[in-house]
Amino acid sequence: MQLDQEAHGSPPGRFESAVTAIAGALDQLPAAAWATDRQLRIRFCLGRALERVGVRSSDLLGRTVDELVQDQGHASELLEAHRRALEGELRRCECSFRGRVFEVQVGPFRDEAGELAGCLAALLDVTERKAAEEASRTAARRMAEAERVAGVGSWEWDPHANRVVWTEELHRLHGLRPGEFAGTYEAFLERVHPDDRESVGRGVAQALERPGPFSFEHRTAWPDGTVRILSVRGDVLCDSEGRPVRMIGACHDITDRRKAEQARERALSLLQATLESTADGILVVDRQGKFASYNEQFATMWRIPREILLAGDDARALDYVLSQLVDPQGFLRKVQQLYGEPEAESFDVLRFGDGRVFERLSKPQRTGREIAGRVWSFRDVTERRRVEAERDRLLIAERESRLATEQAADRSTLLADASRLLASLDLEGALSGAACLLVPRFADWCVVDIAEVDGGSRRLTVGVEPGKKDLAQQLEQRPEEPIGPRSELVREIGHRSSRAVPLAVGGRKVGTLTLVLAGEERALGPEDLAMLQDLAGRTALAAENARLYRRLQEALRARDEFLSIASHELRTPLSSLYLAVQALARSEAEPRTSAGGALSSRRLLATVQRQARRLEKLIDEMLDVTRLQAGRVDLESEELDLVELAREVVARFEPEAEAAHTEVRILAREAVVGQWDRSRLDQVISNLLSNAIRYGEKKPVDVSVERWGDRAVLQVVDRGIGISPERLPYIFDRFERAVSPRHYGGLGLGLYIASRLASRMGGSLAARSELGKGSTFTVELPIARAQ
């Protein structure tokens, strides 16, 4: 509590008694009070309410209300209330300050003589109460909005006071504007349709007699004559003695739902009538495997007993009908497949043991976007199929007769034309022409597959009619798929039979000539078979001649390429030797005047020695190839440590690795000792390491040695250019190179020699590579001496 003791005069004694009486109470409440004189200057102030907004009582003493409004930003209503209090009025107002809301009451203050002495003001912080009131209003507004959106109105009835309260939405559900409902139970019954009032009254009475949750439906008659159907759910609340004291509930309009249900019933009736009038048998099964619907035609076609139909169990019906079918297990698998794939549709043909034929169509049954079950439709096409089969038989017979006549007329000219075409060394062109001679005279299309050395086959040509080029492309794009009687490719294209004639030369099969027919397979007469055998022999001979010619051309190309590469590889060191010898000759003719001349001579001699070793290596490689082909490579096994040998080779390649800016690392944990030929194993490691440095692109090369059981394993790993997947299978062949000789030297013999030497020592050499990421070469050797 703060009192103003300045020159404005002391407050009357009456102030002190008032302050003492209420100061303690105000300190416990969010309130404050002050008194002013007639000039509206604050003479005392007490209470903690203003401290919540950072204003101390001492800050107000001696100041006028006008100054307080200007400095503290209070509403002008506060000043007006004080002025009216000086006129003898009691005024209330509300003001906000620093986020808090205050209610203020200002009244006149009189002295002991009854004269007006000033004003007394009481302030109460109502921020929380205002927030609660706003939250309550918001909740009520949201509830009303929720009821409007959901179409649900709520009500409450006090039976003793006969007071009924409706929400705005419940007014709307009865066709009334808010406030038009009289608020009594009798007024409610007036809104109920006259034909439903008795049942509604009975339901309410029963709910009061046996308190608890209840529900009923009734119609309501709107003032404009509209009739709507309402669903009511409620509960009876009782006091501690079990006597009903209040009834509450909710109501929503179900008129549209009832209309939809009636429309659905009419649609179902129409659908059932439609199902019964169709000649097809219809069955609808829900997702639980129960009959949802069927027509009498279905029962008649499948001859299912009435008790099974009434049970509605699909599994039981399936068990009963399986014995009627030619392929019961296939039928059952298809049914199970479709039940397992709810979205799938299917059409197929069912054959019965008694000769009947049904077409079966199955589709998912949908309710909106949801799949509710599956619809099965069965059509008896027995008679239609019999007529179609007879027609097809006559057509096939007519076609076969016509084809036989045409083939007999063309047989002699076909062989003459084929012989003329096959005389060419252009194998693909010759075979294509010969294959086309058979189309469409003896087949719808013809394929020639030529055997490869590796045991596979190559689809060399496809003969089709001129208007079916897309068929030829499809066959040529799938050369790995065989063409035969059970070929999947033949079935996909839609053809039904094929005949394969082997192409053989001297008892050795060199390929296959395949004829494919669109219709049923027909028997060939002796003349046809003789003609095909003759044509196959001539085709095989042409293929063999072309193969020999191709091998000759490949050998000539390989010889020319080898001679070109060998000449280049030999010329390079010879040129270096020639230049070095010339330089040595000049240096010998000149007097040596310094140590620099001797150093230059040593460098030239080193060059001569290096190029001589290169020549020696090239010649050794060519000799090794000759010895390996002739089988004249002798091995001298001795006990040696493969790790130590690898270290020696790596040390020998240090100058070459330094020149290539390549780090070579040895990875070995322990000695790996075995019986091998030291010089030949040294040659294998040297060839692999030389390649790794050459193609490693200045990246580290790892040489690892370890023992795997009874075998020693040496790996050379580089991180260089790698080998393309197309070239990888051929890198161990003679004169084969993974890269162009224009960019990298060598005869293409190093890997061939290393592979053959590893094999001669009872081991193997394998390679893994990825283009642009490097290669790994793995040598596996037996620890014990190979027998």
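For every chain, the first residue of its written sequence is number 1, and the numbers climb from 1 along that sequence. Only residues with pLDDT of at least 70 are given local features in this predicted model, and only at 80 or more are side-chain atom pairs given and counted; all residues enter the totals for whole chains, interfaces and linings. Values shown for side chains rest on all heavy atoms present in the structure; no hydrogens or waters enter the calculation.

Asker: Explanation requested: a nonpolar patch on the surface in the structure shown.
Answerer: Together, Phe347, Val349 and Leu361 make up an exposed nonpolar region whose accessible area comes to about 250 Å². The helix and strand labels rest on DSSP assignments: H or I over at least four residues marks a helix, E over at least two residues marks a strand, and numbering proceeds from the N terminus. With respect to the element layout, Leu361 can be found in strand E15 (residues 357–367). Patches were defined on residues exceeding 30% relative accessible area and lacking a salt bridge, with like-charge contacts within 9 Å and nonpolar side-chain contacts (Val, Leu, Ile, Met, Phe, Trp, Tyr) within 5 Å. Only the protein chains shown count as covering a residue, and every accessible area follows the Shrake-Rupley method with a 1.4 Å probe. Salt-bridge detection follows one rule: a side-chain nitrogen of Lys or Arg within 4 Å of a carboxyl oxygen of Asp or Glu.

Asker: For this particular structure, what's the right way to read the pattern of salt bridges?
Answerer: Note that side chains of opposite charge can pair when their charged atoms are close. Taken as a whole, this structure holds 44 salt bridges when the rule is applied. Between Glu89 and Arg84 there is a salt bridge whose closest N-O contact spans 3.7 Å. Here Glu638 and Arg678 are joined by a salt bridge, their closest N and O atoms 3.7 Å apart. Here Glu638, found in strand E21 (residues 637–641), pairs with Arg678, found in helix H21 (residues 678–695); they are 40 residues apart in sequence, far enough to count as distant. Each residue is placed in one exposure class: buried if its accessible area under a 1.4 Å probe, protein chains only, is under 20% of its type's maximum, exposed if it is over 50%, and partly exposed if it falls in between. Relative accessible area serves as the criterion here: at 30%, Arg678 is assigned to the partly exposed category. When salt bridges that share partners are traced, they join Glu80, Arg84, Glu89 and Arg91 into one network.

Asker: What am I meant to see in the nonpolar core here?
Answerer: Most often, soluble globular proteins keep nonpolar side chains buried together rather than apart. Nonpolar core, defined: a set of buried Ala, Val, Leu, Ile, Met, Phe, Trp, Tyr and Cys residues in which side-chain atoms within 4.5 Å join the residues together. Counting residues in hydrophobic clusters, the biggest one holds 40 residues, and the most contacted among them are Leu642, Trp676 and Leu681. Every element with two or more residues in this core is listed here: helix H19 (642–652), H21, strand E24 (701–708), strand E25 (711–718), helix H22 (750–760) and strand E27 (774–782). Ranked by residue count, the leading element in this core is H21, at seven residues. Here, two residues are considered to be in contact whenever any of their heavy atoms come within 4.5 Å of each other. Each residue touching Leu642, except ones within four places of it in the same chain, is listed here: Val672, Trp676, Leu681, Ile685, Val705, Ala712 and Leu714.

Asker: Can you walk me through the packing of aromatic side chains in this structure?
Answerer: By convention here, two paired aromatic rings are described through the distance between centres and the angle between planes. Pairing of aromatic side chains here covers Phe, Tyr and the six-membered ring of Trp, requires ring centres within 6.5 Å, and sorts the geometry by plane angle: under 30 degrees stacked, over 60 edge-to-face, intermediate tilted. Counted according to the given criterion, the structure contains 14 aromatic pairs. Arranged with centres 5.9 Å apart and planes meeting at 40°, the rings of Trp302 and Phe331 form a pair that is tilted. Taken together, the positions of Trp302 in helix H9 (residues 296–302) and Phe331 in helix H12 (residues 328–340) put the pair 29 residues apart, joining distant regions of the chain. Each member of the pair Trp302 and Phe331 is classed as buried. Members of the aromatic cluster, connected to one another through ring pairs, are Phe291, Tyr294, Phe298, Trp302, Phe331, Phe352, Phe358 and Phe378. One cation-aromatic arrangement involves Arg356 over Phe352; the distance from NZ or CZ to the ring centre is 4.3 Å. Only Lys NZ and Arg CZ are tested; either one counts as a charge over a ring when it is within 6 Å of the ring centre and within 35 degrees of the ring normal.

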